[in-house]
Amino acid sequence: MTDHSHGPDDHGHDHGHSHVPKNERKIAIAAVLTGGFMLAEVVGGVISGSLALIADAGHMLTDFASLVLAWFAIRLVRKPADWKRTYGFDRFSVLAALVNGLSLFAIAIWITFEAIQRLSDPHEVLGGLMLWVAIGGLLVNIIAFWILTRGESENLNVRAAALHVAGDLFGSIAAIVASVVIIYTGWTPIDPILSVLVVLIILRSAWAVVRESGHILLEGAPRGFDRREVAKVLKSEVSGITDVAHIHAWSVTQERPMVTMELTVDPSVDPVQVKDAAKAILRDRFRIDHSTIEVV
């Protein structure tokens, strides 16, 4: 006997999508802000000769692209499942988060290479112009970051987009500090040095997104799920279960964990009651609303 258990809100393809419209608006606004200021920062970076501004402008370009990709992913997952894609398009948002995280590594490599070049061959930097452009970039990034992080959102795609903007925010702060140092001391190496510092901050956050999205795409167990603990709890707390086997847990997205398992039950107990009790534990204790249980 096999049972496909869904929580009360898990009928159809809307599971875990309650925050989709809000997330879509967040990312759309952040994309418009980022793309709008990117051109100003490109011009300012080229004219002032600042690597910090040019790096931040290049980062904003990929931010804009990643935000558009994230927005498209959120739109796409609203399409219903069909006979070819029984889970719908939810995984596209995880794939987008992975691409965004990997793009941060590419940006970091490029900035580091440019910084090494600048340290060996210093360039003149116009500190005054650099300062004003950096201040404008900081304000835009603060607004975009606030929009993406206000309220609660565990969506991996939104988190990846917010990390891109956070990287820009740190980049703007570094550019401001570098411009002030250049204005008052004329020491231009501060520009590439602070660029590398921003790279280190970006890489730490990028690795977290890549690791988590990769874990989901590799069908890893949902966060906090340990099948050994699940088996132990079910056998000790549900009367009639003699064995729990073939436990497989994964996530379609971060918000849609799933599990399948096989329960061996005593012939004297009602298998329906056993399944109901097991489903309740999976839902309440382990936060898994979608389960497929086979009773043998």
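In what follows, the structure referred to is the one given above.
Residues numbered from 1 in each chain as written. Predicted model: local features only at pLDDT ≥ 70, side-chain atom pairs only at ≥ 80, totals over all residues. Heavy atoms only, no water.

A.B. asks: How would you sum up unusual backbone geometry? Please name residues and give values.
C.D. replies: With a phi close to 50°, histidine 246 is a non-glycine residue in the positive phi region. Although it is not a glycine, arginine 287 sits at a positive phi angle of roughly 60°.

A.B. asks: Got a sec to walk through the packing of helix 3 (residues 91–120) against helix 6 (residues 190–217)? Specific residues and values, please.
C.D. replies: Running from N to C, helix 3 and helix 6 cross one another at 160°; their axes reach a closest spacing of 8 Å. On the basis of the axis angle, helix 3 is roughly antiparallel to helix 6. In this structure, the crossing between helix 3 and helix 6 has a hand that is left-handed. Its residues placed into classes, the contact of helix 3 with helix 6 shows 23 nonpolar, five polar and three charged. (Axes fitted to C-alpha atoms, helices over the stretch in contact; angles between N-to-C directions. Helix = DSSP H or I, 4+ residues; strand = E, 2+ residues; numbered from the N terminus. Parallel < 35°, antiparallel > 145°, perpendicular 65-115°, else oblique. Left-handed = near helix turned anticlockwise from the far one by under 90°. Nonpolar A, V, L, I, M, F, W, Y, C, P; charged D, E, K, R; others polar.)

A.B. asks: An account of the packing of helix 7 (residues 227–237) against helix 8 (residues 271–284) is requested, with residue identities and associated values reported.
C.D. replies: Two packed helices can be described by the angle between their axes and the distance between those axes. Their axes nearest at 11 Å, the elements helix 7 and helix 8 cross at an angle of 135°. With respect to each other, helix 7 and helix 8 are oriented oblique. When you trace helix 7 past helix 8, the crossing you get is right-handed. Contacts from Val230, Val233, Leu234 and Glu237 in helix 7 reach Ala278, Ile281 and Leu282 in helix 8. Class assignment of the residues belonging to the contact of helix 7 with helix 8 gives a composition of six nonpolar, no polar and one charged. (Contact = heavy atoms within 4.5 Å.)

A.B. asks: Explain helix 8 to me, using residue names and the numbers behind them.
C.D. replies: Along its 14 residues, helix 8 runs 20 Å from first to last C-alpha, staying within 8% of the 20 Å computed at 1.5 Å per residue. Along helix 8, the residues that are buried comprise Val274, Lys275, Ala278, Lys279, Ile281 and Leu282. The arc that holds the buried residues of helix 8, viewed along the axis, is 160°, so those residues lie on one side. Within helix 8, the exposed residues directed more than 90 degrees away from the buried face are Gln273 and Asp284. The N-terminus of helix 8 is capped by aspartate 270, whose side-chain oxygen sits 3.0 Å from the backbone nitrogen of valine 272. (Expected span 1.5 Å × (residues − 1). Buried < 20%, exposed > 50% of the residue type's maximum accessible area, 1.4 Å probe, protein only. Arc of directions from axis to C-beta. Polar contact = N/O pair within 3.5 Å; in protein donor to acceptor, adjacent residues only side chain to side chain.)

A.B. asks: If you had to explain the pattern of salt bridges to someone new, which residues and values would you point to?
C.D. replies: Applying the stated criterion to the full structure yields nine salt bridges. The residue glutamate 24 makes a salt bridge to arginine 75 at a minimum N-O spacing of 3.0 Å. Highlighted residues: glutamate 24 in helix 1 (residues 20–48) and arginine 75 in helix 2 (residues 51–76), separated in sequence by 51 residues. The exposure class assigned to glutamate 24 is buried, which follows from its relative accessible area of 10%. For arginine 75, a relative accessible area of 41% puts it in the partly exposed group. With a closest N to O distance of 2.6 Å, glutamate 212 and arginine 223 form a salt bridge. On the criterion of sequence distance, the pair formed by glutamate 212 in helix 6 and arginine 223 in the loop between helix 6 and helix 7 is long-range, its members being 11 residues apart. Given the relative accessible area of 17%, glutamate 212 is considered buried. Among the residues examined, arginine 223 registers a relative accessible area of 64% and is labelled exposed. (Salt bridge = Lys/Arg side-chain N within 4 Å of Asp/Glu carboxyl O.)

A.B. asks: Requested: an account of the packing of aromatic side chains, with residues and values cited.
C.D. replies: The relative placement of two aromatic rings is captured by the distance of their centres and the angle of their planes. Applying the stated criterion across every chain yields a total of one aromatic pair. Their ring planes at 65° and their centres at 6.2 Å tell us that phenylalanine 225 and phenylalanine 286 sit as a pair that is edge-to-face. Taken as a pair, phenylalanine 225 in the loop between helix 6 and helix 7 and phenylalanine 286 in the loop between helix 8 and strand 4 (290–295) lie far apart in primary sequence, 61 residues in all. What makes phenylalanine 225 buried here is its relative accessible area of 12%. (Phe/Tyr/Trp six-rings, centres within 6.5 Å; stacked < 30°, edge-to-face > 60°.)

A.B. asks: Can you tell me about the environment of isoleucine 27, naming the residues and giving the values?
C.D. replies: Topologically, isoleucine 27 is positioned in helix 1. Note on isoleucine 27: relative accessible area 0%, which makes it buried. With 37 residues separating them along the chain, isoleucine 27 and phenylalanine 64 place their C-alpha atoms 9.9 Å apart.

Purely geometric numbers; function is a separate question.
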